[in-house]
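Single-letter residue listing:
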Amino acid sequence: MKKLIIAALFTLPLFTHTFAFAAQEDQISAAASLKLNMKQIGKNLKAIVATVNDSSKNQDNAGLAQQAAEAFQAVYNQVPDVINEMPADQQPEAIKGFQQEIQKGIDLFTQLKDAFLNGDNAGAAQILKALSQLKQDGHDQYNP
Ligand code: HEM
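Draft legend 1. Representation of the overall build of the protein within the structure. Looking only at helices and strands, one finds 6 helices and 0 strands in the protein. When the helices and strands of the protein are placed in sequence order, the string is α-α-α-α-α-α. Per-residue burial over the protein gives 20% buried out of 144 residues. By sequence separation, contacts in the protein at least 24 residues apart represent 67% of the contacts at least 6 residues apart.

Dropping the structure here:
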């Protein structure tokens, strides 16, 4: 019995740590790293893609799109490694270019939310294509 209690005492902090980390992973904020924000965007996009033609999911998908727009908003003020590694005098211009691309993500996810709220599933499917292209272009340049 004593051994069991000691084992429990040792395991408890491990569990608390794991749960705290899981909660943190789901969180969207300026404090989350660029990578965590991107992962959240990817997760939401995947769920939306799987259900884009199911109009019973439009409310849920509008919420997911809104959350992804907010994650992109947080990314707007973050700087990718490729830019941090550039000579200091080139960074301001590179950040401008990065932010222009990220703004497209904010705009597209906002349009996607509106399409779901308006019951426009065909429009939503079109916006998903544009998002897929944006991801491709963004990663080619900033996440090589
Ligand atoms: C819908 C569009 C997008 C999705 C779903 C997406 C998704 C992701 C995911 C899942 C990762 C993490 C990969 C890993 O586990 O290492 C990532 C990383 C990254 N993405 Fe995106 N992305 C999108 C658009 C963009 C755009 C437009 C840009 C730049 C303008 C961008 C820049 C980056 C960068 C710099 C990283 C590396 C982060 C790091 O590890 O520090 N992404 N993205």
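That shown, we press on.
Draft legend 2. The arrangement of the site of the ligand in detail. Around the ligand, a shell composed of 20 residues is seen, among which Met38, Gly42, Pro80, Glu101 and Gly138 lie nearest. Listing elements by their share of the shell around the ligand, those giving two or more residues are α2 (34-51), α5 (91-117) and α6 (121-142). For the shell around the ligand, the element with the most residues is α2, which contributes 7 residues. Residues that form the shell around the ligand fall into these classes: 10 nonpolar, 5 polar and 5 charged.

Draft legend 3. Region of interest: the packing of α5 against α6. α6 packs onto α5 with a crossing angle of 165° between their chain directions and a minimal axis gap of 10 Å. Comparing their axes, α6 and α5 come out roughly antiparallel. Of the two elements, α5 crosses α6, and the hand of that crossing is left-handed. Contacts from Phe98, Glu101, Lys104, Gly105, Leu108, Gln111, Leu112, Ala115 and Phe116 of α5 reach α6 at Gly123, Ala124, Ile127, Ala130, Leu131, Leu134, Gly138 and Tyr142. Tallied by class, the residues present in the contact of α5 with α6 amount to 11 nonpolar, 4 polar and 2 charged.

Draft legend 4. Just α2, in detail. With 18 residues, α2 ought to run about 26 Å at 1.5 Å a step, and its terminal C-alpha atoms sit 26 Å apart, in line with that. Taken as a whole, α2 has its buried residues at Asn37, Met38, Gln40, Ile41, Asn44 and Ile48. Take α2 and look down its axis: the buried residues cluster within an arc of 155°, on one side only. Projecting away from the buried face of α2 at angles above 90 degrees are the exposed residues Lys46 and Ala50. For α2, the elements touching its buried residues are α3 (58-76).

About the criteria used
Residues numbered from 1 in each chain as written. Predicted model: local features only at pLDDT ≥ 70, side-chain atom pairs only at ≥ 80, totals over all residues. Helix = DSSP H or I, 4+ residues; strand = E, 2+ residues; numbered from the N terminus. Buried ≥ 20, exposed ≤ 12 C-beta atoms within 10 Å, placed from the backbone. Contact = placed C-beta atoms within 7 Å. Near = placed C-beta within 6 Å. Nonpolar A, V, L, I, M, F, W, Y, C, P; charged D, E, K, R; others polar. Axes fitted to C-alpha atoms, helices over the stretch in contact; angles between N-to-C directions. Parallel < 35°, antiparallel > 145°, perpendicular 65-115°, else oblique. Left-handed = near helix turned anticlockwise from the far one by under 90°. Expected span 1.5 Å × (residues − 1). Arc of directions from axis to C-beta.

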